[in-house]
Amino acid sequence: MGNVQRLLTWSIVILPWLITLYLHFWLAQSDAWSPEQPYRGLMSVLLLGLGMLISFLLHGRLTKRRGR
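Residues numbered from 1 in each chain as written. Predicted model: local features only at pLDDT ≥ 70, side-chain atom pairs only at ≥ 80, totals over all residues. Heavy atoms only, no water.

All right, on to the overall build of the protein chain then. Within the protein chain, the secondary structure is distributed over 2 helices and 0 strands. Over its C-alpha atoms the protein chain spans a radius of gyration of 16 Å, topping by over 25% the 11 Å that the globule rule assigns to 68 residues. Out of the 68 residues in the protein chain, the part that is buried amounts to 15%. Pairs at least 24 residues apart make up 69% of the contacts formed inside the protein chain by residues separated by at least 6 positions. Of the roughly 5,700 Å² of accessible surface on the protein chain, a fraction of 69% belongs to carbon and sulfur atoms. (Helix = DSSP H or I, 4+ residues; strand = E, 2+ residues; numbered from the N terminus. Rg over C-alpha atoms; globule rule 2.2 N^0.38 Å. Buried < 20%, exposed > 50% of the residue type's maximum accessible area, 1.4 Å probe, protein only. Contact = heavy atoms within 4.5 Å. Areas by Shrake-Rupley, 256 points an atom, 1.4 Å probe, with all protein chains shown as cover.)

So, in structure tokens, the structure goes:
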């Protein structure tokens with residue numbers, strides 16, 4: 001049961017990051033942002049950073065709950 005719970009926890013934790021990665025891919029493929037768009041690099045970093053931050057906070061919350 002421990003391995004299944006660990007796999008489920010990591011799947012939940014990585015989900016926000018994967019969603020923002022897909023959103024970034026989708027925006028690039030649908031030509032929603034062109035390479036000439038100002039601040040495109042900054043928006044990419046902020047978008048991916050937001051997904052990583054949410055994953056990090058979610059990981060902290062789940063491991064804190066598991067430690068109780």
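Past the structure itself, the notes keep going.
Our next topic: the packing of aromatic side chains. The tally for this structure, following the rule as stated, stands at 1 aromatic pair. The side chain of Arg 40 reaches across the aromatic face of Trp 33, ending 5.7 Å from its centre. (Phe/Tyr/Trp six-rings, centres within 6.5 Å; stacked < 30°, edge-to-face > 60°. Lys NZ or Arg CZ within 6 Å of the ring centre and 35° of its normal.)

On to helix 1 (residues 2-29), then. Under the 1.5 Å per step criterion, the end-to-end length of helix 1 is 39 Å for 28 residues, consistent within 8% with the ideal 40 Å. By the largest-angle criterion, Leu 15 marks the main kink of helix 1, which is about 40°, and a proline, Pro 16, follows within four residues. Along helix 1, the residues classified as buried are Thr 9, Val 13, Pro 16, Thr 20 and Leu 27. One or two positions beyond helix 1, positive phi appears at Asp 31, with a value near 55°. (Expected span 1.5 Å × (residues − 1). Bend = angle between axes of the 7 residues up to and from the residue.)

Moving on: the side chain of Ser 44. Checked against the element boundaries, Ser 44 lands in helix 2 (residues 40-67). At 3.0 Å, the side chain of Ser 44 forms a polar contact with the side chain of His 24. For Ser 44, the residues in contact, after removing those within four places along its chain, are His 24 and Trp 33. (Polar contact = N/O pair within 3.5 Å; in protein donor to acceptor, adjacent residues only side chain to side chain.)

Positive phi outside glycine occurs at Asp 31, with the angle close to 55°. One can find Asp 31 in the loop between helix 1 and helix 2. For Asp 31, a relative accessible area of 65% translates into the label exposed.

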